[in-house]
Amino acid sequence: MSQLFSPIELRGLRLDNRIVVSPMCQYISHDGLMDDWHLMHLGQMSMGAGGLVFTEATHVSDIGRITPRCAGLWNDAQEAAMKRVVDFCKAHGTACLGIQIAHAGRKASTLPPNAGGQPLAIADGGWQTLGPSAVPFDPNWPAPREMTLEDMARVKGEFVAAAQRAARIGFEILDLHGGHGYLLNQFFSPLSNQRTDAFGGSLEKRLRYPLEVFEAVRAVWPSQRPMGVRISAIDWVEGGSTVEDTMVFVQALRDLGCDFVDITTGGVDSRQSIKVGRGYQVPFARAVKQAVDIPVMTVGMIVDPLQAEGILAAGEADFVMLARGVMYDPRWAWHAAHALKEDIAYPAQYVRCQPKNWRRAFED
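First things first, this report covers the structure right here in the doc.

Topic: the nonpolar core
Stage number 1. With 87 residues, the main nonpolar core has Leu 4 and Val 261 as its most contacted residues.
Stage number 2. Those residues in contact with Val 261 that sit more than four places away from it in its chain are Val 229, Ile 231, Val 250, Leu 253, Val 288, Ile 294, Pro 295, Val 296 and Met 297.
Stage number 3. Residues Leu 52, Phe 54, Phe 260 and Met 321 belong to the second largest nonpolar core, which totals 14 residues.

Some details on the layout of surface pockets
Stage number 1. In this structure, the largest pocket spans a volume of roughly 1,200 Å³.
Stage number 2. Considering the residues around the largest pocket, the lining is formed by 37 residues, among which Pro 23, Tyr 27, His 180, Arg 230 and Arg 324 are closest to the centre.
Stage number 3. In terms of residue count, helix H9 (residues 324-328) provides more of the lining of the largest pocket than any other element does, 3 residues in total.
Stage number 4. For the lining of the largest pocket, the per-class residue count stands at 20 nonpolar, 14 polar and 3 charged.

Comments concerning a nonpolar patch on the surface
Stage number 1. A surface patch of nonpolar side chains, about 240 Å² in accessible area, is lined by Val 276, Met 301 and Val 303.
Stage number 2. Locating Val 276 in the fold gives a position in the loop between strand S10 (260-264) and helix H7 (282-291).

Section: the packing of helix H5 (residues 203-220) against helix H6 (residues 243-255)
Stage number 1. Close contact between H5 and H6 brings their axes to 11 Å; oriented N to C, the two are set at 35°. The chirality of how H5 crosses H6 is right-handed. Touching Leu 203, Arg 206, Leu 207, Pro 210, Leu 211 and Phe 214 of H5 are Asp 245, Val 248, Phe 249, Ala 252 and Leu 253, all from H6.
Stage number 2. Its residues assigned to classes, the contact of H5 with H6 comprises 9 nonpolar, no polar and 2 charged.

With respect to the state of the cysteines
Structurally, a disulfide amounts to a covalent bond that connects the sulfur atoms of two cysteines.
Stage number 1. Counted according to the given criterion, the structure contains 0 disulfides.
Stage number 2. Of all cysteine sulfurs, the one in Cys 25 lies closest to Cys 70, which takes part in no disulfide; the gap is 5.3 Å.
Stage number 3. For Cys 70, a relative accessible area of 0% gives the class buried.
Stage number 4. Residue Cys 258 stays outside any disulfide, its sulfur separated by 18 Å from that of Cys 96, the closest cysteine.
Stage number 5. The class of Cys 258 is buried, set by a relative accessible area of 6%.

Regarding the packing of aromatic side chains
Stage number 1. Counted under the stated rule, the structure contains 7 aromatic pairs.
Stage number 2. Taken together, a centroid distance of 4.0 Å and an interplanar angle of 15° make the contact between Trp 334 and Tyr 346 stacked. In this pair, Trp 334 sits in helix H10 (residues 332-339) while Tyr 346 sits in the segment after H10, placing the two residues 12 residues apart along the sequence.
Stage number 3. By relative accessible area, Tyr 346 is classed as buried at 12%.
Stage number 4. By the ring-pair criterion, three or more aromatic residues cluster together here, those being Phe 187, Phe 199 and Tyr 209.
Stage number 5. One residue, Arg 225, lies across the ring of Trp 221, its end atom 5.5 Å from the ring centre.
Stage number 6. Residue placement shows Arg 331 over the ring face of Trp 334; its charged tip is 5.1 Å from the ring centre.

Quick word on empty space enclosed by the protein
Stage number 1. This structure, assessed with the given rule, holds 1 cavity of 30 Å³ or more.
Stage number 2. The volume enclosed by the largest cavity comes to roughly 30 Å³.
Stage number 3. Lining the largest cavity, in full, are Met 24, Gln 26, His 41, Leu 42, Phe 54, Thr 55 and Glu 56.
Stage number 4. Of all the elements in the fold, those that place two or more residues in the lining of the largest cavity are helix H1 (36-48) and strand S4 (52-59).
Stage number 5. When residues in the lining of the largest cavity are grouped by element, the largest group, 3 residues, is from S4.
Stage number 6. Looking at the lining of the largest cavity residue by residue, the class counts come to 3 nonpolar, 3 polar and 1 charged.

Quick notes on the rules
- Residues numbered from 1 in each chain as written.
- Predicted model: local features only at pLDDT ≥ 70, side-chain atom pairs only at ≥ 80, totals over all residues.
- Heavy atoms only, no water.
- Core = buried A, V, L, I, M, F, W, Y, C linked by side-chain atoms within 4.5 Å.
- Buried < 20%, exposed > 50% of the residue type's maximum accessible area, 1.4 Å probe, protein only.
- Contact = heavy atoms within 4.5 Å.
- 1 Å grid on protein atoms, 1.4 Å probe; cavity = no way out; pocket = protein on both sides within 12 Å on 5 of 7 lines; lining within 4 Å.
- Points joined across faces, edges and corners; volume = space filled by probe spheres on them.
- Helix = DSSP H or I, 4+ residues; strand = E, 2+ residues; numbered from the N terminus.
- Nonpolar A, V, L, I, M, F, W, Y, C, P; charged D, E, K, R; others polar.
- Patch = residues over 30% accessible without salt bridge, like charges linked within 9 Å, V, L, I, M, F, W, Y side chains within 5 Å.
- Areas by Shrake-Rupley, 256 points an atom, 1.4 Å probe, with all protein chains shown as cover.
- Salt bridge = Lys/Arg side-chain N within 4 Å of Asp/Glu carboxyl O.
- Axes fitted to C-alpha atoms, helices over the stretch in contact; angles between N-to-C directions.
- Left-handed = near helix turned anticlockwise from the far one by under 90°.
- Disulfide = S-S within 2.5 Å.
- Phe/Tyr/Trp six-rings, centres within 6.5 Å; stacked < 30°, edge-to-face > 60°.
- Lys NZ or Arg CZ within 6 Å of the ring centre and 35° of its normal.

None of the figures reported here should be taken as evidence of function without further support.
As structure tokens, then:
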């Protein structure tokens, strides 16, 4: 059996393969509601893109959204709309369903990327953002308001409430967004966290709030369901967080009951200079996996089955996560199974197209 198609268990969840559809913001929601686009997008992903499919980053409050068009989970209408999508995916797909919950912090209140991605003025429907410190993402961006202890307690409660809603909806796994320069990442990074109280300064203090949020969410997330964290391993800016810092973070999360981490990089500072290329994030996942005994997911221009199989066979990660690759090919896992001569589940309506059921079409 290939490594890519070997099963794995996280708490009470069994996954039949190691292919994960990464959270992908769609920027098409109104008032935080998932709609027919999400039914189509996540529905097709759940049929054959991977064994585990995550929703896009789902925000825990209105001011925590990256843009006004982002999905949210802070009210009953959003919960009902999301449950409709999840129920559809479970009824017709073959994948396990996961949710990523997030707060954008100082990177909130922007236009969607396809509209330029720049800060949205309050006069144009934007809002005052929050952050660990009153330091903007970019000199041309508005500064966030430094969070008070009351703000921090309220936002932690919003994460908890969103997780409770996600559990009721029926998600099988939860990912806490601590990467890409969003709020929890902002507390972790010394570039964005310049507080002088108990939540800033040393690495131990900068980790305090993200760990508190994780612990609070883990306490309400069902004990048999796995929970993990997305982490930006480095900031790609001099003086930013390091891989060694990330190892300390991951070990602390593991001690609190974290079941996996998905390792990405960057996003916290506009000065970043990222060396992008095929599998460019994998070395950071490998470093974390070698340092901490915890399942690790890796991302970053993972394109073809042999590349993915090689990453796992070399022990660099336990899962591969794909985004653009599965947008390009929503049947990525089917095609990977065929390339690696493995079997994979198909929805009943599509079993006839499984290669073993029409072999002659694939013979020379």
